[in-house]
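# Report on the structure
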Amino acid sequence: MWVLPTFGRPRRCREALSSINSAGSSPGLVMIDGDYNPLYEDLVLPPGWKIVRLPVNLGVCGVFNHVLATWPDEPWYGFISDDSIVRTSVFDQPLITAAGQAGFANSADGWQAQVRMHGAVVFGGDLLRALGWWAPPGLVHCFVDDAWEHIGRALGNWVHVPQVMVEHVHYWNGKSAMDATYHKAYVSFESDRAKFTELLENDLPAAVARARKVLE
């Protein structure tokens, strides 16, 4: 199941969904994260997709964990951002296959997905259930990719799938203008950095140990 969190970007969300629809994909959820902008009423969904409106803003990490808690039995969970454009037809099948039940798989993103956990990312359902979360508790937006990378390297279950391109149209790579959503997301940067340092010492080693059991 795909998850596309969005806040403050009905137009860009519409463009992302249009690219998904053109490429073809498995079912998914558009998680409107506490944003009551009426322009979200005009979204055209790909077949099998649904809209879920959250009453308050949880932040992207909160959305991940809300989805896992609400839909705990999915065979896989995929993340695609509202500032991404899918460039590869039937993009999700190679990612789903590469991730399997207990791994991670990420696409190319035209930026840095060859070295970072960026692009569209699929997570095996058994892996997330073993971890007990999709994003480490305490993070708001930043450093969740660092946590995934730490786990993937520790377990050796992270696969990059370069033949799938899901372009990240981001401010930091010069493909997008700064907007209020980027600004809001990075307000938590320093607190998320401090929390990630704490996670490296405590929660992540225990999470890796739990996840290792599903790989045995």
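Residues numbered from 1 in each chain as written. Predicted model: local features only at pLDDT ≥ 70, side-chain atom pairs only at ≥ 80, totals over all residues. Heavy atoms only, no water.

## Describing the pairing of strand S4 (residues 76-79)
Here S4 shows no split at all, with Trp-76 and Gly-78 on one side and Tyr-77 and Phe-79 on the other all buried. Alignment of S4 against strand S7 (residues 121-124), held across four bridges, turns out to be antiparallel. Each residue of the ladder has a partner; that of Tyr-77, found in S7, is Phe-123. (Buried < 20%, exposed > 50% of the residue type's maximum accessible area, 1.4 Å probe, protein only. Helix = DSSP H or I, 4+ residues; strand = E, 2+ residues; numbered from the N terminus. Pairing = 2+ DSSP bridges.)

## Considering the pairing of strand S8 (residues 158-168)
With three bridges connecting them, strand S5 (residues 84-86) and S8 associate as antiparallel partners. Residue pairing across strands places Ile-85 opposite Glu-167, the latter belonging to S8. Strand direction decides the pairing type here: strand S6 (residues 104-108) and S8, joined by five bridges, are parallel. By the bridge assignment for S8, Ser-107 is matched with Val-161.

## A closer look at helix H5 (residues 144-155)
When the terminal C-alpha atoms of H5 are compared, their 17 Å separation across 12 residues agrees well with the 16 Å that a helix rising 1.5 Å per residue should span. When we look at burial in H5, the residues that qualify are Val-144, Asp-145, Ala-147, Trp-148, Glu-149, Ile-151, Gly-152 and Leu-155. Looking one or two residues past H5, Gly-156 carries a phi angle of roughly 65 degrees, positive in sign. (Expected span 1.5 Å × (residues − 1).)

## A short note on the nonpolar core
Core analysis: the largest hydrophobic core is formed by 38 residues, its most contacted members being Met-31, Val-67, Leu-131, Trp-134, Trp-148 and Ile-151. The element best represented in this core is helix H2 (residues 59-70), accounting for six residues. Filtering out sequence-adjacent residues up to four positions away, Leu-131 remains in contact with Ile-151, Ala-207, Arg-210 and Ala-211. (Core = buried A, V, L, I, M, F, W, Y, C linked by side-chain atoms within 4.5 Å. Contact = heavy atoms within 4.5 Å.)

## Overview of the packing of H5 against helix H8 (residues 203-215)
Two numbers describe how H5 lies on H8: the axes approach to 10 Å, and their chain directions differ by 50 degrees. What the angle tells us is that H5 and H8 run oblique. You can see that H5 and H8 cross each other, and the crossing is right-handed. Where H5 abuts H8, its residues Ala-147, His-150, Ile-151, Ala-154 and Leu-155 lie against Leu-204, Val-208, Ala-211, Arg-212 and Leu-215. Each residue belonging to the contact of H5 with H8 can be placed in one class, and the counts come to eight nonpolar, one polar and one charged. (Axes fitted to C-alpha atoms, helices over the stretch in contact; angles between N-to-C directions. Parallel < 35°, antiparallel > 145°, perpendicular 65-115°, else oblique. Left-handed = near helix turned anticlockwise from the far one by under 90°. Nonpolar A, V, L, I, M, F, W, Y, C, P; charged D, E, K, R; others polar.)

## What to know about the environment of Asp-33
Relative to the elements of secondary structure, Asp-33 occurs in strand S2 (residues 28-33). Along the chain, Asp-33 and Thr-6 lie 27 residues apart, while their C-alpha atoms are 5.9 Å from each other. In this view, Asp-33 contacts Thr-6, Phe-7, Leu-54, Val-56, Asn-57, Leu-58, Gly-59, Val-60 and Val-63; residues no more than four positions away in its chain are not counted.

## A closer look at the sheet that holds strand S1 (residues 2-6)
A sheet is described by the order of its strands in space; here eight strands give the open sequence S3-S2-S1-S4-S7-S6-S8-S5, paired in mixed fashion. Edge positions in the sheet fall to strand S3 (50-54) and S5, since each has one partner strand and no second. Adjacent strand axes in the sheet meet at a mean angle of 35 degrees when their direction is disregarded. Pairing of S6 with S7 involves three bridges; the strand directions are antiparallel. Bridging across to S7, Asn-106 finds its partner in Val-121. Contacts between helix H1 (residues 10-23) and the sheet are confined to S1, S2 and S5, with S5 contributing the most and set at about 20 degrees to the helix.

## A look at the pattern of salt bridges
As enumerated under the stated definition, the model contains 15 salt bridges in all. One salt bridge connects Arg-9 with Asp-179, and the closest N-O pair in it is separated by 2.9 Å. Of the two residues, Arg-9 is situated in the loop between S1 and H1 and Asp-179 in the loop between S8 and helix H6 (180-186); the sequence distance between them amounts to 170 residues. We note a salt bridge from Glu-190 to Arg-193, for which the minimum N-O separation is 3.1 Å. Here Glu-190 pairs with Arg-193, and both are found in helix H7 (residues 189-201), just three residues apart, close to one helical turn. Under the relative-accessibility criterion, Arg-193 is labelled partly exposed at 37%. (Salt bridge = Lys/Arg side-chain N within 4 Å of Asp/Glu carboxyl O.)

## What about the packing of aromatic side chains?
Within the structure shown, the criterion is met by 12 aromatic pairs. Plain terms: the ring middles of Phe-104 and Phe-123 are 5.4 Å apart, the flat faces sit at 70 degrees to each other, and that makes the pair edge-to-face. Here Phe-104, found in strand S6, pairs with Phe-123, found in strand S7; they are 19 residues apart in sequence, far enough to count as distant. As far as the burial class goes, Phe-104 and Phe-123 line up, both buried. On the numbers, 5.7 Å between centres and 25 degrees between planes, the contact of Phe-143 with Phe-196 is stacked. Note that Phe-143 is positioned in the loop between helix H4 (125-131) and H5 and Phe-196 in helix H7, a separation of 53 residues in sequence. We note that Phe-143, like Phe-196, is buried. Site record: aromatic cluster; members linked through ring pairs are Phe-64, Tyr-77, Phe-79, Phe-104, Phe-123, Trp-134 and Trp-148. Above the face of the Tyr-182 ring, Arg-9 is positioned so that its terminal group lies 4.1 Å from the ring centre. Here Lys-184 stacks its cationic end above the ring of Phe-7, 5.1 Å away from the centre of that ring. (Phe/Tyr/Trp six-rings, centres within 6.5 Å; stacked < 30°, edge-to-face > 60°. Lys NZ or Arg CZ within 6 Å of the ring centre and 35° of its normal.)

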